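Inside the fold
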Amino acid sequence: MASLQPFARIRLIAADLDGTLAPARASQVSSWFGTLRRSLSVYRVDFTIATGRTLTGARPMVDSVGVRPSIPLIVYNGSVVALEGGRRLLRRETIPQTSLAQVLELMTIHPVEVAAYYCSDPSKSLELGSPVGEYVLAWAKRPGPPTEINGLPVTWNSPLPAATSICPSAVLIRSLEPDYPSSRVDEALSTVTGISVTRSGPTYAEIRPLGSDKAVGLSCVAAALNLDRTEVLALGDHDNDAEMLTWAGIGVTVAGASQAALASSDYCCRHGVAEGAVELLRLVKNARRYFPVLEE
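Since the structure is predicted, the reported quantities are computational estimates derived from the model, not experimental observations.

**As for the pattern of salt bridges**
Here the structure, examined in full by the defined rule, presents nine salt bridges. With a shortest N-O distance of 2.8 Å, Arg-68 and Asp-46 are connected by a salt bridge. Note that Arg-68 is positioned in the loop between helix H2 (55-65) and strand E3 (73-75) and Asp-46 in strand E2 (residues 46-49), a separation of 22 residues in sequence. Accessibility expressed as a relative area gives 18% for Asp-46, which makes it buried. When the shortest N-O distance is used, the salt bridge between Glu-113 and Arg-174 registers 2.9 Å. Of the two residues, Glu-113 sits in strand E6 (residues 112-119) while Arg-174 sits in strand E9 (residues 170-175), which places them 61 residues apart along the sequence. Shared partners join several salt bridges into a network, and the residues in it are Asp-16, Lys-214 and Asp-241.

Put into structure tokens, the structure is as follows:
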């Protein structure tokens, strides 16, 4: 029972999406998760997501699990933190255009496609209260599908934006050959200034602004909610979760997580995607129930 005590301090759970919450193996798991998530509100435990997806791509899961509008969302691998379902930005970091130009030049010899993700600043380009605008420019030898994995329309083979203020918050490089060594792409990207690179699998290299990751995004959320890091739990499964698993007071991975994620976490669930999240929420709920003395 004493092993539950650290979990009794938790006031916020931040969970990755792909490989951690989604895809759920059964609709019943999603139902259990939603019920548990709502029951934790009785113990003043909030929930948010920390994902490499865009706001558009994350929205179905945000709506499904019922993240409260006042709780910030972490998207673009931490480069963007948004409130009110994406209607107000708390944080937006961008990749310099010079860095993007370096990436494009280096990737011309590799069998990949490059997609740059732009998240507009509503204070400059949108009316107050309107959703944050997102759009994608992509480069490849041959144009790909008209929409990408988040459901956003793609403009193919576009020139670089002219305005220096328009810089991507993330760049995604997708290998077009399943057997092509990811190390070759990573080695080339290591020479580019102004960026950091992570992965959520062998197919995609995920480029972030230098100094931006899910941990930085999560620290922004904690500050906005006036929480100490010991009151924050992070749940993930892959390399792009490693920083936030280390930063959080408690870092937890689902079963089957990558070595980098495991090395950065304090605990590992017995179950994998979706079921592991249900397991964790039950544990936090029990901890808050059995250790009420830790309540403020």
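**Points about the sheet that holds strand E13 (residues 250-253)**
The strand order across the open sheet formed by five strands is E2-E1-E12-E13-E14, and the pairing between neighbours is parallel. The two strands at the open ends of the sheet, each matched to only one other strand, are E2 and strand E14 (267-268). Docked against the sheet, helix H9 (residues 275-290) engages strand E1 (12-15), strand E12 (232-236) and E13, running at close to 165° with respect to E12.

**Topic: the side chain of Thr-48**
As for its position among the elements, Thr-48 is in strand E2. Not counting the four nearest positions on each side in its chain, Thr-48 is found in contact with Leu-12, Ile-13, Ala-14, Ala-15, Val-67, Ile-71, Pro-72 and Leu-73.

**Description of the packing of aromatic side chains**
What the rule picks out here adds up to two aromatic pairs. Taken together, a centroid distance of 5.1 Å and an interplanar angle of 10° make the contact between Tyr-118 and Tyr-135 stacked. With Tyr-118 in strand E6 and Tyr-135 in strand E7 (residues 134-139), this pair connects stretches of sequence that are 17 residues apart. Overall, the relative accessible area of 2% leaves Tyr-118 in the buried class. Judged by its relative accessible area of 35%, Tyr-135 falls in the partly exposed class.

Cut-offs applied
- Residues numbered from 1 in each chain as written.
- Predicted model: local features only at pLDDT ≥ 70, side-chain atom pairs only at ≥ 80, totals over all residues.
- Heavy atoms only, no water.
- Salt bridge = Lys/Arg side-chain N within 4 Å of Asp/Glu carboxyl O.
- Helix = DSSP H or I, 4+ residues; strand = E, 2+ residues; numbered from the N terminus.
- Buried < 20%, exposed > 50% of the residue type's maximum accessible area, 1.4 Å probe, protein only.
- Pairing = 2+ DSSP bridges.
- Contact = heavy atoms within 4.5 Å.
- Axes fitted to C-alpha atoms, helices over the stretch in contact; angles between N-to-C directions.
- Phe/Tyr/Trp six-rings, centres within 6.5 Å; stacked < 30°, edge-to-face > 60°.

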